[in-house]
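# Coordinate analysis (summary)
Read off the chains here:
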Amino acid sequence: MEVVSKFVKTTLPNYLKSLPIPKSLGGFADLSGSDWVALLPFVGIVAYITYLSITALLGPSQPTKQPQKDKNEAVNLKIQKECPKVVNVVDLEELGDKTCYCRCWRSKKFPLCDGSHNAHNEETGDNVGPVVMKRNK
Ligand code: FES
C-alpha cells in the first residue's frame, strides 16, 4: 500500500508538474518536439480514460445484430412462404409409373417438377434436378 500511496502523493504530482502543458491553446504551437514526446503518454492515458468513460456512460456494447441473410440464399423463394415448413405427403398408391418431384423449389406445380429447374440452372449455373420416382414393373 505504501507504493500506491507514494505514487499518488509524490510520483504522479511530480510527473504532472513536469509536463510541458502550455497556459493557452496557442502555446501548443510553441512546443518543441521533445515537449510533444513528453506529452504523448499523458495524452494517451487521458484519451484512454475518456474512451472508457464514454463507453461506460453509453452502457454495454450492443451485440452486433446478425446480418440478415440475403433472401437469395433461401432455397425456397416463393412456395407456401406463409407456412413455417413445407411438407408434402404422397400416397404411394397414387403414384403413377413415373413421377418427378421438384428439388429446385422453382416449380409452379410444386411438389411436382415442371421443368423450371432448367431455367434456374441456366441463370445460376446450378445443377439441380428432380427426384424421379419410378415404379418397377
Ligand atoms: S422444376 Fe424443380 S426440379 Fe424440376
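Rules used in this analysis
- Residues numbered from 1 in each chain as written.
- Predicted model: local features only at pLDDT ≥ 70, side-chain atom pairs only at ≥ 80, totals over all residues.
- Heavy atoms only, no water.
- Helix = DSSP H or I, 4+ residues; strand = E, 2+ residues; numbered from the N terminus.
- Rg over C-alpha atoms; globule rule 2.2 N^0.38 Å.
- Buried < 20%, exposed > 50% of the residue type's maximum accessible area, 1.4 Å probe, protein only.
- Contact = heavy atoms within 4.5 Å.
- Areas by Shrake-Rupley, 256 points an atom, 1.4 Å probe, with all protein chains shown as cover.
- Expected span 1.5 Å × (residues − 1).
- Bend = angle between axes of the 7 residues up to and from the residue.
- UniProt positions renumbered as here; feature names shortened; annotations may be inferred.
- Phe/Tyr/Trp six-rings, centres within 6.5 Å; stacked < 30°, edge-to-face > 60°.
- Domains from an automatic or database assignment.
- Patch = residues over 30% accessible without salt bridge, like charges linked within 9 Å, V, L, I, M, F, W, Y side chains within 5 Å.
- Salt bridge = Lys/Arg side-chain N within 4 Å of Asp/Glu carboxyl O.
- Core = buried A, V, L, I, M, F, W, Y, C linked by side-chain atoms within 4.5 Å.
- Polar contact = N/O pair within 3.5 Å; in protein donor to acceptor, adjacent residues only side chain to side chain.

## Considering the overall build of the chain
If you tally the helices and strands in the chain, you get three helices and two strands. The linear arrangement of helices and strands in the chain, starting from the amino end, is α-α-β-α-β. Relative to the globule expectation of 14 Å for 137 residues, the C-alpha radius of gyration of the chain, 36 Å, shows a markedly less compact shape. Overall, the C-alpha framework of the chain stretches about 100 × 40 × 25 Å when taken along its three principal axes. Here the chain holds 137 residues, and 17% of them are scored as buried. Restricting to contacts in the chain with at least 6 residues of sequence separation, those with at least 24 account for 41%. Total accessible area computed for the chain in this model is approximately 11,700 Å², and 60% of it derives from carbon and sulfur atoms.

## With respect to helix 1 (residues 2-18)
The first and last C-alpha atoms of helix 1 sit 23 Å apart over 17 residues, in line with the 24 Å expected at 1.5 Å per residue. The principal kink in helix 1, of about 40°, is found at Val-8.

## Comments concerning the UniProt feature "transmembrane region" (unreviewed entry) in the chain
With numbering aligned to this structure, UniProt lists the feature "transmembrane region" (unreviewed entry) at residues 36-59. Secondary structure across residues 36-59 comprises 96% helix and 0% strand; the distance between its end C-alpha atoms is 34 Å.

## Some details on the packing of aromatic side chains
This model, assessed by the stated rule, comprises two aromatic pairs. With a centroid separation of 5.8 Å and 35° between ring planes, the pair formed by Phe-28 and Trp-36 is classed as tilted. The partly exposed category is assigned to Phe-28, whose relative accessible area is 30%. Trp-36 sits in the partly exposed class, given a relative accessible area of 40%. The interplanar angle of 25° and the centroid separation of 4.6 Å between the aromatic rings of Trp-105 and Phe-110 together place this pair among those described as stacked.

## Thoughts on the domain arrangement of the chain
What the domain assignment lists for the chain is domain 1 (2-58) and domain 2 (71-134). Distance from the C-alpha centre of domain 1 to the C-alpha centre of domain 2: 69 Å.

## Details of a nonpolar patch on the surface
Residues Met-1, Val-4, Phe-7, Val-8, Leu-12 and Leu-16 make up a contiguous nonpolar surface patch of roughly 590 Å² in combined accessible area. Within the secondary structure, Met-1 sits in the segment before helix 1. A residue is classified by how much of its surface remains accessible, and Met-1, at 81% relative accessible area, is exposed.

## Observations concerning the nonpolar core
Ile-79, Val-86, Cys-102, Cys-104, Phe-110 and Cys-113 form the largest nonpolar core, which has six residues in total. Residues in contact with Ile-79, not counting those within four places in the same chain, are Val-86, Trp-105, Ser-107 and Phe-110.

## Concerning the side chain of Asn-76
Tracing the backbone through its elements, the reader meets Asn-76 in the loop between helix 2 (33-58) and strand 1 (98-101). Since its relative accessible area comes to 12%, Asn-76 is described here as buried. Within the local environment of Asn-76, its side chain forms a polar contact with the backbone nitrogen of Lys-78, the two atoms lying 3.2 Å apart. In this structure the side chain of Asn-76 is engaged in a polar contact, spanning 2.7 Å, whose partner is the backbone oxygen of Ile-79. Beyond its immediate chain neighbours, meaning those up to four positions away, Asn-76 contacts Lys-81, Val-86 and Trp-105.

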